[in-house]
Amino acid sequence: MADEEDEAGYDEELEDGSSGLEAGGHGKRKRLFSKELRCMMYGFGDDQNPYTESVDILEDLVIEFVTEMTHKAMSIGRQGRVQVEDIVFLIRKDPRKFARVKDLLTMNEELKRARKAFDEANYGS
């Protein structure tokens, strides 16, 4: 029953146009991630030139996921702001996503330290 309510709410968003997605997905809106998704699909074993429809469906799913996560993140923590901690909190129960986010945050910190060391070596702070 809760799923039906969620789907009905999603349909209403589509009908009034507030979600930003076109209901038919007939290319009326700009595709933001087509090139990257094609490369990712190829890297994961798809054809070098995957069907446009497949890329479009995948892009719709990605945009829907990012939108939902952003809305959830904005509703927790500091209202109206998305912070890294909010995203980590939302994915804490999904071990694969949580591990990947931890890895990416660790790599980001290592890159920051390496850049700082490089700048200090070259420019002599």
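Residues numbered from 1 in each chain as written. Predicted model: local features only at pLDDT ≥ 70, side-chain atom pairs only at ≥ 80, totals over all residues. Heavy atoms only, no water.

A. Summary view of the pattern of salt bridges. Inspection of the entire model under this criterion finds 5 salt bridges. Among the salt bridges present, the one from Asp60 reaches Arg31, with a minimum N-O distance of 3.0 Å. With Asp60 in helix α3 (residues 52-75) and Arg31 in the loop between α1 (2-16) and α2 (34-43), the pair connects residues that are 29 residues apart, well separated along the chain. For Lys112, the salt bridge goes to Glu109, with nearest N and O atoms at 3.8 Å. (Salt bridge = Lys/Arg side-chain N within 4 Å of Asp/Glu carboxyl O. Helix = DSSP H or I, 4+ residues; strand = E, 2+ residues; numbered from the N terminus.)

B. Quick peek at the confidence of the model for the chain. In this model, the chain carries an average pLDDT of 81, and 76% of its residues clear a pLDDT of 70 or more. At the low end of the mean pLDDT range in the chain sits α1, at 40; at the high end sits α2, at 96. In this model residues 1-27 is a low-confidence stretch, pLDDT under 50, and it forms 13 contacts with partners more than four residues away in sequence or in other chains. (pLDDT = per-residue confidence, 0-100. Contact = heavy atoms within 4.5 Å.)

C. Fine view of the packing of α2 against α3. Between α2 and α3, the least distance of the axes is 10 Å, while the angle of their chain directions is 110°. Considering their axes alone, α2 and α3 lie roughly perpendicular with respect to each other. Together, Ser34, Leu37, Arg38 and Met41 of α2 and Thr52, Ser54, Val55, Leu58, Glu59 and Val62 of α3 make up the contact between the two elements. Residues of the contact of α2 with α3, tallied by class, amount to 5 nonpolar, 3 polar and 2 charged. (Axes fitted to C-alpha atoms, helices over the stretch in contact; angles between N-to-C directions. Parallel < 35°, antiparallel > 145°, perpendicular 65-115°, else oblique. Nonpolar A, V, L, I, M, F, W, Y, C, P; charged D, E, K, R; others polar.)

D. Local environment of the packing of aromatic side chains. Applying the stated criterion to the full structure yields 0 aromatic pairs. Positioned above the aromatic ring of Phe89, the side-chain terminus of Arg92 is 3.9 Å from the ring centre. (Phe/Tyr/Trp six-rings, centres within 6.5 Å; stacked < 30°, edge-to-face > 60°. Lys NZ or Arg CZ within 6 Å of the ring centre and 35° of its normal.)

E. Representation of α2 within the structure. Here α2 has its buried residues at Ser34, Leu37 and Met41. Each buried residue of α2 sits inside an arc of 65° when the element is viewed along its axis, so together they form one side. Seen from the buried face of α2, the exposed residues on the opposite side, beyond 90 degrees, are Lys35, Cys39 and Gly43. Those residues of α2 that are buried lie in contact with α3. Just downstream of α2, Gly45 is the residue with a positive phi angle, here 105°. (Buried < 20%, exposed > 50% of the residue type's maximum accessible area, 1.4 Å probe, protein only. Arc of directions from axis to C-beta.)

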